Amino acid sequence: MTKRYDLIVVGAGPAGLTAAKAARECGLEVALLERKTDITNLHRCCGQSLVSMNDYYFGDIFHFNNKGKRMCFPVNRFSLKYDGPSSNIYSWHFYSPDGHIVKLGDAKELKKLGDNGRIAMIHDKEVFFRCLLDEIDKTGVEVFPGINVTDVTKTGENVRVKGGDKNFEATYVIAADGTNSLIAEKMGFNKARDFFCKISSQSFYIRNAKIPELEVALSCPDYVKEIPAFMVIFPWINEDEINAIFLTLDPHLNLDEVTDYFMNKHPIYSKWFKDSEKLRKFTSVESIYSPIREPFSDNVLIVGDAGGTQEVENTGAMISGWRAGNAVATSVIESKVGLKAEGISHYLRWWKETYIDKYSHEDYVKNFTFSYILSGDDLNYLFSLIKEPLAPCFNPYEALNLISQAIQQAAPTIQQERPDILTRLAKMAAPLEEVLTSIRK
Ligand SMILES: Cc1cc2nc3c(=O)[nH]c(=O)nc-3n(C[C@H](O)[C@H](O)[C@H](O)COP(=O)(O)OP(=O)(O)OC[C@H]3O[C@@H](n4cnc5c(N)ncnc54)[C@H](O)[C@@H]3O)c2cc1C
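Residues numbered from 1 in each chain as written. Predicted model: local features only at pLDDT ≥ 70, side-chain atom pairs only at ≥ 80, totals over all residues. Heavy atoms only, no water.

Novice: Help me understand the packing of helix α7 (residues 313–336) against helix α8 (residues 343–356), please; the structure alone is not making it clear to me.
Specialist: Between two packed helices, both the angle of their axes relative to each other and the distance between the axes serve to describe the pair. At a minimum axis separation of 6 Å, α7 and α8 run at an interaxial angle of 155°. The orientation of α7 relative to α8 falls into the category roughly antiparallel. Of the residues in α8, those in contact with I319, S320, R323, A324, A327, V328, T330, S331 and E334 of α7 are G343, I344, H346, Y347, W350 and W351. When its residues are assigned to classes, the contact of α7 with α8 shows eight nonpolar, five polar and two charged. (Axes fitted to C-alpha atoms, helices over the stretch in contact; angles between N-to-C directions. Helix = DSSP H or I, 4+ residues; strand = E, 2+ residues; numbered from the N terminus. Parallel < 35°, antiparallel > 145°, perpendicular 65-115°, else oblique. Contact = heavy atoms within 4.5 Å. Nonpolar A, V, L, I, M, F, W, Y, C, P; charged D, E, K, R; others polar.)

As structure tokens, this is what we get:
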């Protein structure tokens, strides 16, 4: 006979692991299903940065307790063990194709403040998975690696989850199955969403790259065969290595060509990679939708990237998972003691207030789509106007606003020298569907 759980969590990323931990600590019978056979193994590209340490993000001010080795979310009142290595990010630099840099933060000055000056930190996600899995194992969550969930259906009071030749049943399901969520699609959540595009990435740890400034993150937009493409560089935990991500929104562009262009052909960056060595490779493809506004239906709660636009980021996923695990636990306990089950409504209110209403989700994607509106020459000109470092920031919803404000201050000069660019900049307000017409065909 199929065992009946209070909760099945699908997906053992940051959201699912945190949700399973929270629910189990409240005493629920929890099963965690993950398609990877080794949960601690990272398969997908990730900058492995933790966003954001000098700004509220998802309603919390993320902090790392170096001594206690815990990731802390003081507003949401939880912390997670992390005993792995880390490195700090003090500034976020945006490069134009000819090498003009807009700096969000003055790394040299901020570094003088030590950890209080960091805007984010790098962690080793595989160590984080191991730490969280250890905690989960101790609490008694039943963990099922190697289960690829293929169907979720509501049957009477329960939800049935099918994975391989196994069936699982629970009162509730938390779908933390990531940005291409099968469960969101199967359960009809995507019908109310706009689909914008896909982003394909490949990344490498690279040894001996000669990056001009360490302890900064770099975003380098450019054009390969006139198609927008990006290189994004994060520090990595080993001092002589970086984590370099190459990505494009355009399905016509081959990622090997993008990587080759940035590493071997680009007039500036190719010098950084001379005599460097590509190490471990990761890949990813993300489906980019508008967010799920009402992420609960038929006892299935969608959390983390599965319900967001592109990425809610690692910290957003942990907070979302924590909230979701506790919300389901509240509903289960309410039912058991004969109260009306209202716990999940707390999560829905939090999701609406903290994510849906707070952020402009198209702005997140515009971190990558601005180069569909502006040319390389436009970026070279605009970035050349911003000479001083702007406010330190690693919040993906704020960065573009800070740069836009700096550009606005230079509007009289632009009006005089390059009025054509102002006309194009006005198009930044256009809906994403319009901006991305060429790749949505
Ligand atoms: C190129 C790139 C760079 C990034 N860089 C950063 C960064 O620097 N900082 C940051 O904070 N975030 C970054 N992110 C985003 C970050 O990785 C995600 O926001 C975060 O991992 C979301 O966590 P999650 O638990 O919601 O989903 P995921 O981490 O995607 O976890 C989903 C889990 O569900 C499993 N799964 C999926 N489908 C099924 C199924 N059918 N059955 C069973 N299991 C399933 C997957 O194997 C996976 O383990 C990056 C993402 C990409 C693509």
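Novice: Teacher, can you tell me more about the pattern of salt bridges here?
Specialist: Here the idea is simple: oppositely charged side chains can pair when their charged atoms come close. Following the criterion strictly, the structure yields 28 salt bridges and no others. In this structure, K111 and E215 form a salt bridge, with 2.6 Å as the shortest nitrogen-oxygen distance. Highlighted residues: K111 in helix α2 (residues 107–111) and E215 in the loop between β15 (195–207) and β16 (216–224), separated in sequence by 104 residues. When its relative accessible area of 42% is taken as the criterion, K111 is described as partly exposed. Each of the salt bridges in this network shares a partner with another, and the network as a whole consists of D377, D378, R418, D420 and R424. (Salt bridge = Lys/Arg side-chain N within 4 Å of Asp/Glu carboxyl O. Buried < 20%, exposed > 50% of the residue type's maximum accessible area, 1.4 Å probe, protein only.)

Novice: Can you help me understand the site of the ligand in this one?
Specialist: Taken together, the neighbourhood of the ligand is formed by 35 residues, with E34, G47, S49, E313 and N314 sitting nearest. R35 places a polar main-chain atom, nitrogen or oxygen, 3.1 Å from a nitrogen atom of the ligand. V149 has a polar backbone atom sitting 2.9 Å from a nitrogen atom of the ligand. Contact with the protein chains hides 93% of the accessible area of the ligand, taken as 1000 Å² for the molecule alone. Listing elements by their share of the shell around the ligand, those giving two or more residues are α1 (14–25), β19 (277–289) and α7. No other element matches α7, which puts three residues into the shell around the ligand. Broken down by class, the residue content of the shell around the ligand amounts to 14 nonpolar, 11 polar and 10 charged. Looking at which domains feed residues into the shell around the ligand, each of domain 1 (4–85 + 124–194 + 290–356) and domain 2 (88–117 + 197–289 + 360–441) supplies at least three. (Near = heavy atom within 4 Å. Polar contact = N/O pair within 3.5 Å; in protein donor to acceptor, adjacent residues only side chain to side chain. Areas by Shrake-Rupley, 256 points an atom, 1.4 Å probe, with all protein chains shown as cover. Domains from an automatic or database assignment.)

Novice: Would you mind showing me how to read the packing of aromatic side chains here?
Specialist: Ring pairs (aromatic) are described by centroid distance and by the angle formed between their planes. Counted according to the given criterion, the structure contains 35 aromatic pairs. With centroids separated by 5.2 Å and ring planes inclined at 55°, the aromatic side chains of Y364 and Y397 adopt a geometry described as tilted. With a gap of 33 residues between them, Y364 in helix α9 (residues 361–369) and Y397 in the loop between α10 (376–385) and α11 (399–409) connect regions that are remote in the sequence. Here Y364 and Y397 have matching classes, each one buried. Aromatic rings pair up to connect Y57, F58, Y347, W350, W351, Y355, Y359, Y364 and Y397 into one cluster. (Phe/Tyr/Trp six-rings, centres within 6.5 Å; stacked < 30°, edge-to-face > 60°.)

Novice: Looking at this structure, I do not really get the sheet that holds strand β5 (residues 70–73). What am I missing?
Specialist: Note: strands within a sheet are paired through backbone hydrogen bonds, in either parallel or antiparallel orientation. Read across the open sheet, the three strands follow the order β4-β5-β6; overall the sheet is antiparallel. Edge strands, defined here as strands with exactly one partner in the open sheet, are β4 (63–65) and β6 (78–81). Taken pair by pair, the neighbouring strands of this sheet meet at an average axis angle of 30°, ignoring direction. Strand direction decides the pairing type here: β5 and β6, joined by four bridges, are antiparallel. Among the inter-strand pairings, C72 is bridged to a residue of β6, identified as S79. On top of the sheet, helix α3 (residues 125–139) reaches β5 and β6; it is set at about 110° to β6, its chief contact. (Pairing = 2+ DSSP bridges.)

Novice: Got a minute to help me understand the side chain of E34 in this structure?
Specialist: Within the element layout of this structure, E34 appears in the loop between β2 (30–33) and β3 (49–50). For the buried residue E34, which engages in no salt bridge, the nearest side chain bearing the opposite charge is K36, 5.0 Å off. Here K36 takes part through its backbone nitrogen, which lies 2.8 Å from a polar atom of the side chain of E34. (Lys, Arg positive; Asp, Glu negative; His and termini not counted.)

Novice: When you look at α10 in this model, what are you seeing that I'm missing?
Specialist: One full turn of an α-helix is made of 3.6 residues, so residues set three or four places apart face in the same direction. Summarising burial for α10: eight of the 10 residues are buried, a large majority. Within α10 the residues assigned to the buried category are G376, D378, L379, N380, Y381, L382, F383 and S384. In this structure, the buried residues of α10 make contact with β8 (91–95), β9 (101–104), β16, α11, α12 (411–417) and α13 (419–426).

Novice: Would you take a moment to explain the domain arrangement of the chain for this structure?
Specialist: Accessible area lost during the coming together of the parts is what is often quoted as the interface size. Considered domain by domain, the chain is made up of domain 1 (4–85 + 124–194 + 290–356) and domain 2 (88–117 + 197–289 + 360–441). The C-alpha centroid of domain 2 is placed 30 Å from the C-alpha centroid of domain 1. For the pair domain 1 and domain 2, the summed buried surface comes to about 2700 Å²; carbon and sulfur atoms form 50% of the total. Here domain 1 and domain 2 share one salt bridge between them. For the salt bridge of E126 with R280, the shortest nitrogen-to-oxygen distance reads 2.8 Å. (Buried area = accessible area lost by both parts, 1.4 Å probe.)

Novice: Explain α7 to me, please; I cannot follow it from the model alone.
Specialist: End to end, α7 covers 34 Å across 24 residues, agreeing with the expected 34 Å (1.5 Å per residue, within 8%). The buried fraction of α7 amounts to 18 of the 24 residues, a majority that puts the element mostly inside the structure. The first or second residue beyond α7 is G338, which carries a positive phi of 85°. (Expected span 1.5 Å × (residues − 1).)

Novice: How should the pairing of strand β18 (residues 241–248) be read in this particular structure?
Specialist: Across the eight residues of β18, eight count as buried, placing the element largely inside the fold. Note that β15 and β18 share eight bridges and pair antiparallel. Its bridge partner lying in β18, Q202 is registered against F246. Where strand β17 (residues 227–235) folds back onto β18 in an antiparallel hairpin, the turn is made up of five residues.

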